[in-house]
Amino acid sequence: MSTLYMVRHGQTLFNVLRRKQGWCDSPLTELGIEQARAAGRWVADQGLVFDHVYSSTSERCCDTCELVVPGVPYERVKCLKEWNFGKFEGVTEDLNIQVPYGDFYVQFGGEDEVEFRNRLVEGVLELMRRPGHERVLMVSHGAAMSQVPRYFGDDYKNHTDMKRLPNCAICRYEFDGDKNLSLQEVIDPAAC
């Protein structure tokens, strides 16, 4: 049994401005930097050492990763990227429809929800199946981290009283070595 720790990136400028930021990017805020450092302190306090570290190719995730595990080499992978919202990238969150979004973003050149979920989870499973992956850290995005448990018929809300995954939340999964990730807990390092 292997363990996967998935971390959401720290707060960004677009989070503050309430803008859609799927494949587009915005920088971490000062609070986002502190959130990532708090996640790093939590990791250190737990005595966690990762045999492999991965990050979405988005700068906000790479910056978060470098603050959570400073000086630790990591691989940037596209499968961990956020949902592609197409022409909705950068627009105000006020234009969102009610969830679930389903195939709403396809008409704007974005990804269908199931397509996005499958891309993400298939990539994560492929990485976890690699040899020597006993304790793995992956830095990704809010919608991405919500989709992983849904793929397996679960929801992060079943493991916490949080309404939304806060920036730098950590989801701990157990991996069966083949095709199943089981969410064990959701941690908010800022609250620890």
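Structure report, in brief.

The rules behind each value
- Residues numbered from 1 in each chain as written.
- Predicted model: local features only at pLDDT ≥ 70, side-chain atom pairs only at ≥ 80, totals over all residues.
- Heavy atoms only, no water.
- Helix = DSSP H or I, 4+ residues; strand = E, 2+ residues; numbered from the N terminus.
- Rg over C-alpha atoms; globule rule 2.2 N^0.38 Å.
- Buried < 20%, exposed > 50% of the residue type's maximum accessible area, 1.4 Å probe, protein only.
- Phe/Tyr/Trp six-rings, centres within 6.5 Å; stacked < 30°, edge-to-face > 60°.
- Lys NZ or Arg CZ within 6 Å of the ring centre and 35° of its normal.
- Polar contact = N/O pair within 3.5 Å; in protein donor to acceptor, adjacent residues only side chain to side chain.
- Contact = heavy atoms within 4.5 Å.
- Pairing = 2+ DSSP bridges.
- Axes fitted to C-alpha atoms, helices over the stretch in contact; angles between N-to-C directions.
- Salt bridge = Lys/Arg side-chain N within 4 Å of Asp/Glu carboxyl O.
- Core = buried A, V, L, I, M, F, W, Y, C linked by side-chain atoms within 4.5 Å.

Our next topic: the overall build of the protein chain. Helix and strand content of the protein chain: five helices and six strands. Listing each helix as α and each strand as β along the protein chain from the N terminus yields β-α-α-β-α-β-α-β-α-β-β. Whereas a compact globule of 192 residues would reach a radius of gyration of roughly 16 Å, the protein chain reaches 16 Å, a difference of no more than 12%. In terms of its C-alpha atoms, the protein chain occupies a principal-axis envelope of roughly 45 × 35 × 30 Å. For the protein chain, the residues scored as buried account for 53% of the 192 residues in total.

In this structure the tally under the stated criterion is 14 aromatic pairs. Aromatic pair Y5 and F50: ring centres 5.7 Å apart, planes at 75°, arrangement edge-to-face. Linking Y5 in strand β1 (residues 2-8) with F50 in the loop between α2 (30-45) and β2 (52-56), this pair joins segments that are 45 residues apart in sequence. Judged by relative accessible area, which is 9%, Y5 ranks as buried. A network of ring pairs unites the aromatic residues W83, F85, F88, Y101, F104, Y105, F108 and F116 as a single cluster. Directly above the aromatic system of F85 lies the positively charged group of K20, at a separation of 3.9 Å from the ring centroid. Sitting over the ring of W23, K81 keeps its end group 4.1 Å from the ring centre.

By secondary structure assignment, the location of T12 is in the loop between β1 and α1 (13-17). A polar contact is formed between the side chain of T12 and the side chain of S26, at a distance of 3.2 Å. Residues in contact with T12, not counting those within four places in the same chain, are Q21, S26, P27, L28, T29 and R60.

Turning next to the sheet that holds strand β5 (residues 170-175). As summarised here, the arrangement of the six strands in space is β3-β2-β4-β1-β5-β6, forming an open sheet in which the pairing is mixed. Looking at the sheet topology across the chains shown, the edges are occupied by β3 (75-77) and β6 (181-187). Going from strand to strand, the sheet's axes swing by 25° on average, the running direction of each strand aside. Where β2 meets β3, three bridges bridge the pair, whose relative direction is parallel. Along β3, the bridge assignment pairs Y54 with E75. Where helix α3 (residues 59-68) meets the sheet, it contacts β1, β2, β3 and β4 (135-140), and its direction lies at approximately 150° from that of β2.

It is worth spelling out the pattern of salt bridges at this point. When the charged atoms of two side chains with opposite charge come close together, those side chains can pair. If you walk through the whole model with that rule in mind, you get eight salt bridges. For the salt bridge of R60 with D25, the shortest nitrogen-to-oxygen distance reads 2.9 Å. Taken together, the positions of R60 in helix α3 and D25 in the loop between α1 and α2 put the pair 35 residues apart, joining distant regions of the chain. On the basis of relative accessible area, R60 is assigned to the buried category, the value being 1%.

Next up on the list: the nonpolar core. Core analysis: the largest hydrophobic core is formed by 34 residues, its most contacted members being L4, M6, L80, V124, M138, Y173 and L181. Contributing elements (two or more residues each) for this core: β1, α4 (113-128), β4, α5 (142-151), β5 and β6. Of the residues forming this core, the biggest block, seven residues, is contributed by α4. Setting aside residues up to four positions removed in sequence, L80 forms contacts with M6, Y54, S55, S56, L120, V124, M138, V139, S140 and H141. Formed by 18 residues, the second largest nonpolar core is a distinct cluster that contains V53, C65, V139 and I170.

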